[in-house]
Amino acid sequence: MTPNDDLLALRDQCDRFLTGHGPVRAGDQLATLGKPAAVFFPSGTMAQQSVLRVHADRRGRRTVVFHPMCHLDRHEGEAYQRLHHLTGRRAGDPNRLIGRDDLDQVHEPAAALLLELPQRDLGGQQPEWAELEAQVAWARDHGAAAHLDGARLWESAAGYGRPPGEIAALFDTVYVSFYKGLGALPGCCVAGPGEIVAEARDWRRRMGGTLFGLWPNAASALACLKRRLPLMPRYLGHAQAIADALKALPGVRVIPDPPQVPMMHLLLATSQEGFAAAARRVAAERAVWTWPEAMTTVDPGVQRVELSVGDATCALDPAEIRDVIAALAA
């Protein structure tokens, strides 16, 4: 044992600290999810399929209820269906948040209710807290597991003004991503009861997710969790200041306005080609990288981009961001 190790051991025996915030341990912050067990996965696609498969097998049901814009349904090549023989049941309208009333229209027995917080494809919207509780209660009342797609739980917590563990406590299981809002290397975590996590770990192995040498990704996750989780309220405040700066800008709409979490979508009155050319000009002339291309909408004259607010965004003041967005929408 080195002298430094001896000092660290001595520090770890202390439970009160004189200066600053005291030592902040990333593992302790992850433990604030309030679940008894967790398992690291290389991807969210694998993680959520695994835990939903476990919920389905345990209940002898194959239906998973989710919002029409659910990542599981839109961006994973129907893997939940093709690989795990699960049936997706969309509830609600694609252009608004799911509601308890929408769930009351679902009459088939469900294995799980999957809720995404915040709803990324709706610009980062999330329901009022009482409404969220009502939706989870629907799952409980119908014998279904309540699973949280918390890829951006850290941002969601800032929006609700509640610790991540308080949100996670509503659900049976929760998935969190480390590379999105936290900016770590790829990787994620599923947390929940020990027996559920143990079965999900078996599915991780079956699906080829027990990769040799993933420790740098896990270490990166812990480091970024320690660094950026406390900054989420600051990111939210900056997002709201940006939205305020964009209010009077012609040809630009913020969704939702004001932002509910540290992200938003922008609708820009320009063409796909016009946006791409403007983005290149901004990069060449202002040395500001924006997006390589925009997402199309039903209107060819309106493009959509997703603005996630983090350290780099906070280095730009809202007025400068307004000028950059104006150039993209010109």
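Scoring rules and cut-offs
Residues numbered from 1 in each chain as written. Predicted model: local features only at pLDDT ≥ 70, side-chain atom pairs only at ≥ 80, totals over all residues. Heavy atoms only, no water. Helix = DSSP H or I, 4+ residues; strand = E, 2+ residues; numbered from the N terminus. Contact = heavy atoms within 4.5 Å. Areas by Shrake-Rupley, 256 points an atom, 1.4 Å probe, with all protein chains shown as cover. Lys, Arg positive; Asp, Glu negative; His and termini not counted. Charge placed at Lys NZ, Arg CZ, Asp CG, Glu CD. Phe/Tyr/Trp six-rings, centres within 6.5 Å; stacked < 30°, edge-to-face > 60°. Buried < 20%, exposed > 50% of the residue type's maximum accessible area, 1.4 Å probe, protein only. Pairing = 2+ DSSP bridges. Right-handed = clockwise from strand over helix to strand, strands pointing away. Core = buried A, V, L, I, M, F, W, Y, C linked by side-chain atoms within 4.5 Å. Axes fitted to C-alpha atoms, helices over the stretch in contact; angles between N-to-C directions. Polar contact = N/O pair within 3.5 Å; in protein donor to acceptor, adjacent residues only side chain to side chain.

Visitor: Tell me about the overall build of the protein chain, and name the residues and values.
Guide: Assigned secondary structure in the protein chain consists of 15 helices and 11 strands. Across its three principal directions, the C-alpha atoms of the protein chain cover 65 × 55 × 40 Å. Look at the contacts in the protein chain between residues 6 or more apart in sequence, and 73% of them connect residues 24 or more apart. Split by element, the accessible area of the protein chain, about 15700 Å² in all, is 53% carbon and sulfur. Considering the protein chain, the positive charge centre built from 35 side chains and the negative charge centre built from 38 side chains are found 4 Å apart.

Visitor: Report on the packing of aromatic side chains, specifying residues and quantitative values.
Guide: This model, assessed by the stated rule, comprises 4 aromatic pairs. Ring centres 6.2 Å apart and planes at 10° place the aromatic pair Phe 40 and Phe 178 in the stacked group. In this pair, Phe 40 sits in strand E1 (residues 37–41) while Phe 178 sits in the loop between strand E6 (173–177) and strand E7 (188–192), placing the two residues 138 residues apart along the sequence. Note on accessibility: Phe 40 and Phe 178 belong to one class, buried. On the basis of an interplanar angle of 85° and a centroid distance of 5.8 Å, the ring pair of Phe 66 and Tyr 80 is categorised as edge-to-face.

Visitor: Describe the pairing of strand E5 (residues 145–150), and please don't skip the residues or the numbers.
Guide: Side-chain direction in a regular strand flips from residue to residue, so the side chains alternate between the two faces of the sheet. The element E5 is largely enclosed, with a buried count of 6 among its 6 residues. Every second residue of E5 is oriented toward a common face, with Ala 145, His 147 and Asp 149 on one face and Ala 146, Leu 148 and Gly 150 on the other, all of them buried. Two elements, strand E4 (residues 112–116) and E5, share 5 bridges in a ladder whose sense is parallel. Residue pairing for E5: Leu 114 is matched across the bridge by His 147. For the crossover from E4 across helix H7 (residues 129–141) to E5, the handedness is right-handed. With 4 bridges connecting them, E5 and E6 associate as parallel partners. Along E6, the bridge assignment pairs His 147 with Thr 173.

Visitor: I'd like to hear about the nonpolar core, residue by residue, with values.
Guide: Counting 69 residues, the largest nonpolar core has Ile 167, Phe 171, Phe 178, Leu 266, Leu 268, Ile 325 and Leu 328 as the members making the most contacts within it. Broken down by element, the residue count for this core peaks at 7 residues, all from helix H12 (residues 232–246). Once residues within four sequence positions are removed from consideration, Phe 171 is found in contact with Lys 35, Leu 115, Leu 117, Leu 132, Val 136, Arg 140, Ala 146, His 147 and Leu 148. Formed by 27 residues, the second largest nonpolar core is a distinct cluster that contains Met 46, Ala 151, Cys 188 and Ile 196.

Visitor: How would you sum up the sheet that holds strand E3 (residues 87–90)? Please name residues and give values.
Guide: Ordered by their spatial adjacency, 7 strands build an open sheet running E1-E7-E6-E5-E4-E2-E3, and the pairing between neighbours is mixed. Each edge of the sheet is formed by a strand with only one pairing partner; in this case those strands are E1 and E3. Looking at each pair of strands side by side, their axes are set apart by 20° on average, direction ignored. Strand contacts of H7: strand E2 (63–66), E4 and E5, with the helix running at about 160° to E4, the strand carrying the most contacts. Its contacts with the sheet put helix H10 (residues 194–206) on E1, E6 and E7, and the angle it makes with E1 is roughly 20°.

Visitor: Hey, could you go over helix H8 (residues 153–160) for me, with residue numbers and the actual values?
Guide: When you tally the buried positions in H8, you get 7 out of 8 residues, the bulk of the element. Leu 153, Trp 154, Glu 155, Ser 156, Ala 157, Ala 158 and Tyr 160 are the residues of H8 that are buried.

Visitor: I'd love a proper account of the environment of Glu 199, names of residues and values included.
Guide: Tracing the backbone through its elements, the reader meets Glu 199 in helix H10. C-alpha of Glu 199 to C-alpha of Thr 63: the two residues are 136 residues apart in sequence and 19 Å apart in space. Setting aside its immediate chain neighbours within four residues, Glu 199 contacts Val 54 and Arg 58.

Visitor: Can you tell me about the sheet that holds strand E9 (residues 263–268), naming the residues and giving the values?
Guide: Taken in spatial order, the 4 strands of this open sheet run E8-E9-E11-E10, and their pairing is antiparallel. Only two strands of the sheet have a single partner each, and these edge strands are strand E8 (252–255) and strand E10 (295–296). Two strands pair when backbone bridges link them, and E8 and E9 are joined in this way by 4 bridges, in the antiparallel orientation. Bridge pairing in E9 links Val 254 to Leu 266.

Visitor: Describe the environment of Glu 131, with residues and values.
Guide: By secondary structure assignment, the location of Glu 131 is in helix H7. Here the alpha-carbon distance between Glu 131 and Leu 268, two residues 137 residues apart in the chain, equals 31 Å. In this structure, Glu 131 is in contact with Ile 98, Gly 99 and Arg 100, ignoring residues within four places of it in sequence. Here the side chain of Glu 131 touches Gln 135 through a polar contact of 2.8 Å, side chain to side chain.

Visitor: Please give an account of unusual backbone geometry that cites residues and values.
Guide: That bond from Leu 117 to Pro 118 is cis: its omega, -15°, falls within 30 degrees of zero. With respect to the helices and strands, Pro 118 occurs in the loop between E4 and H7. Cis geometry is adopted by the peptide bond preceding Pro 258, which originates at Asp 257 and carries an omega value of 0°. For Pro 258, the location among the structural elements is in the loop between E8 and E9. Of note in the backbone geometry, Glu 78 takes a positive phi value of approximately 55° without being a glycine. With respect to the secondary-structure elements, Glu 78 resides in the loop between helix H4 (71–74) and helix H5 (79–84). Judged by its relative accessible area of 36%, Glu 78 is partly exposed.

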